[in-house]
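So you can see what is in the structure, the chains are spelled out below.
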Amino acid sequence: MTALETELEGRSGGDLKESSIPVLETERLVLRAPRFEDVPTIVAVANDRRVAEMTANLPHPYAAKDAEKWIANAWASPDHPFLITLKTNGALVGATGFVMPEFGDPEIGYWLAAEHWGRGYATEAARAVVDHLFADRGAEAVVTWARVVNPASRRVVEKCGFQWNGVGLARLKALASSVPVDKFRLERAVWASLKAWRDPILRRTAPKVVIGDRA
Ligand SMILES: CC(C)(COP(=O)(O)OP(=O)(O)OC[C@H]1O[C@@H](n2cnc3c(N)ncnc32)[C@H](O)[C@@H]1OP(=O)(O)O)[C@@H](O)C(=O)NCCC(=O)NCCS
């Protein structure tokens, strides 16, 4: 156990915070709180400049001490991080989560290891976090942002129902500078409407289509 782990083991608040991060399950993914035993795996997938240069808080290069700090900070701050793991084998494929500020709307973020891009995992994970914020935490709106040079992330937020809400600057650790970003917002009413459209109960009550004489 490292010195940081030992120090945190002694803080009961850490345990309480970790247990307050729920496990979110989707069709293909399990989203769960990161733990110190995940550090080597987190380093293996997070140490990628292509990922770091699109996110605010991933330094590059990414070392074990960065993962330890991330986990420790999550326990002691309003951040609620989740590791994104595959339901089939538990493999770590990325991370997502949200910050619950004292004032203002919760902000979500996400990243996927490059070998897992293009399979819909980011959208599936982001939707689970958005659902959690509205359904379980009473959020009235959820916000996020994407670099203007990141069309894949813009597409993810679009697929989650977010609407463009202006431009701004975000500071990126990996670049040690600020970059232009598009900001997005999803209101509770829009989310509720999207959920109603997807509600399987509505589909079950749809009239049966009969072709020709066949029942
Ligand atoms: C952005 C990121 C999370 C997307 O993850 P993913 O699992 O591949 O995302 P999904 O498969 O759910 O959706 C990606 C969508 O973007 C589209 N896309 C991918 N590259 C694109 C490009 N260059 N131009 C336009 N659209 C693109 C995909 O076709 C897909 O849309 P579709 O379902 O309509 O076909 C991933 O690329 C990543 O981790 N990038 C680095 C970190 C990052 O950008 N994090 C977000 C910070 S805001």
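Scroll up a little and you will see the structure.
Remember, it's a predicted structure, so these values are computed and weren't measured experimentally.

Caption draft 1: Spatial organisation of the overall build of the chain. Summing up its helical and strand segments, the chain has nine helices and eight strands in all. Within the chain, the fraction of its 215 residues that count as buried is 30%.

Caption draft 2: Representation of the site of the ligand. In the vicinity of the ligand there are 20 residues, among which Met54, Ala122, Thr123, Pro151 and Arg155 approach most closely. For the shell around the ligand, the class distribution of residues is 12 nonpolar, six polar and two charged.

Caption draft 3: The pairing of strand 5 (residues 107-112), seen in detail. Here strand 5 lies mainly inside the structure; five of its six residues are buried. Sheet topology places strand 4 (residues 92-99) next to strand 5; six bridges connect them, and they run antiparallel. Pairing of glycine 94 across the sheet is with leucine 112, part of strand 5.

Caption draft 4: Looking closely at unusual backbone geometry. In the segment running from histidine 60 into proline 61, the intervening peptide bond is cis, with an omega of -5°. Relative to the assigned elements, proline 61 resides in the loop between helix 4 (49-52) and helix 5 (64-76). Although it is not a glycine, alanine 176 adopts a positive phi angle of roughly 50°. Checked against the element boundaries, alanine 176 lands in the loop between strand 7 (163-172) and strand 8 (177-187). Take alanine 176: there are 8 C-beta atoms within 10 Å of it, and that puts it in the exposed class.

Caption draft 5: Quick look at helix 5. An ideal rise of 1.5 Å per residue puts 18 Å on 13 residues; helix 5 measures up with 19 Å between its terminal C-alpha atoms. Of all the residues in helix 5, the buried ones are Asp66, Ala67, Trp70, Ile71, Ala74 and Trp75.

Caption draft 6: Molecular detail of the environment of phenylalanine 162. If you trace the backbone, phenylalanine 162 turns up in the loop between helix 7 (151-159) and strand 7. Among the residues examined, phenylalanine 162 registers 27 C-beta atoms within 10 Å and is labelled buried. With residues near it in sequence (within four places) discarded, phenylalanine 162 still touches Thr144, Val157, Phe184, Arg185 and Leu186.

Caption draft 7: View of the nonpolar core. Among the nonpolar cores identified, the biggest contains 48 residues, and Ile84, Ala125, Ala126, Val129 and Val130 are the most heavily contacted of them. A total of nine residues in this core trace back to one element, the largest contributor, which is helix 6 (residues 121-135). Ignoring anything within four residues of it in the chain, the contact list for alanine 126 reads Thr96, Ile108, Tyr110, Val156 and Cys160.

Caption draft 8: Looking closely at the packing of helix 3 (residues 39-46) against helix 5. The contact between helix 3 and helix 5 brings their axes to 9 Å, and the two run at 115°. Regarding the angle of helix 3 to helix 5, the classification is roughly perpendicular. Our pair here, helix 3 against helix 5, has a crossing hand that is right-handed. Note on element contacts: helix 5 touches helix 3 through Ala64, Ala67 and Glu68, opposite Val39, Ile42 and Val43. Considering only residue class, the contact of helix 3 with helix 5 consists of five nonpolar, no polar and one charged.

Criteria and cut-off values
- Chains are numbered independently. Their residues run from 1 in the order of the written sequence.
- The predicted nature of this model means local features are confined to residues of pLDDT at least 70 and side-chain atom pairs, given and counted, to a pLDDT of 80 or more, with totals for whole chains, interfaces and linings taken over all residues.
- Numbering of helices and strands runs from the N terminus, with a helix taken as a DSSP run of H or I at least four residues long and a strand as a DSSP run of E at least two residues long.
- Partly exposed residues are those whose C-beta has more than 12 but fewer than 20 other C-beta atoms within 10 Å; with 20 or more the residue is buried, with 12 or fewer it is exposed, and the C-beta atoms are placed from the backbone.
- Being near a molecule or strand means, for a residue, that its backbone-placed C-beta atom lies within 6 Å of it.
- Each residue gets one label: Ala, Val, Leu, Ile, Met, Phe, Trp, Tyr, Cys and Pro are nonpolar, Asp, Glu, Lys and Arg are charged, and the others, such as Gly, are polar.
- In this analysis, strands are considered paired if DSSP registers two or more bridges between them.
- To estimate how far a helix should reach, multiply one less than its number of residues by 1.5 Å.
- By the criterion used throughout, residues are in contact when their C-beta atoms, derived from the backbone, lie within 7 Å.
- By our criterion, buried Ala, Val, Leu, Ile, Met, Phe, Trp, Tyr and Cys residues that link up through C-beta atoms within 7 Å make up a nonpolar core.
- To get an axis, a line is fitted to the C-alpha atoms, and for a helix only the part in contact is used. The angle between two axes follows their N-to-C directions and goes from 0 to 180 degrees.
- Here the angle decides the label: under 35 degrees means roughly parallel, over 145 means roughly antiparallel, 65 to 115 means roughly perpendicular, and every other value means oblique.
- Rotating anticlockwise by less than a right angle from the far helix to the near helix defines a left-handed crossing, while the corresponding clockwise rotation defines a right-handed one.

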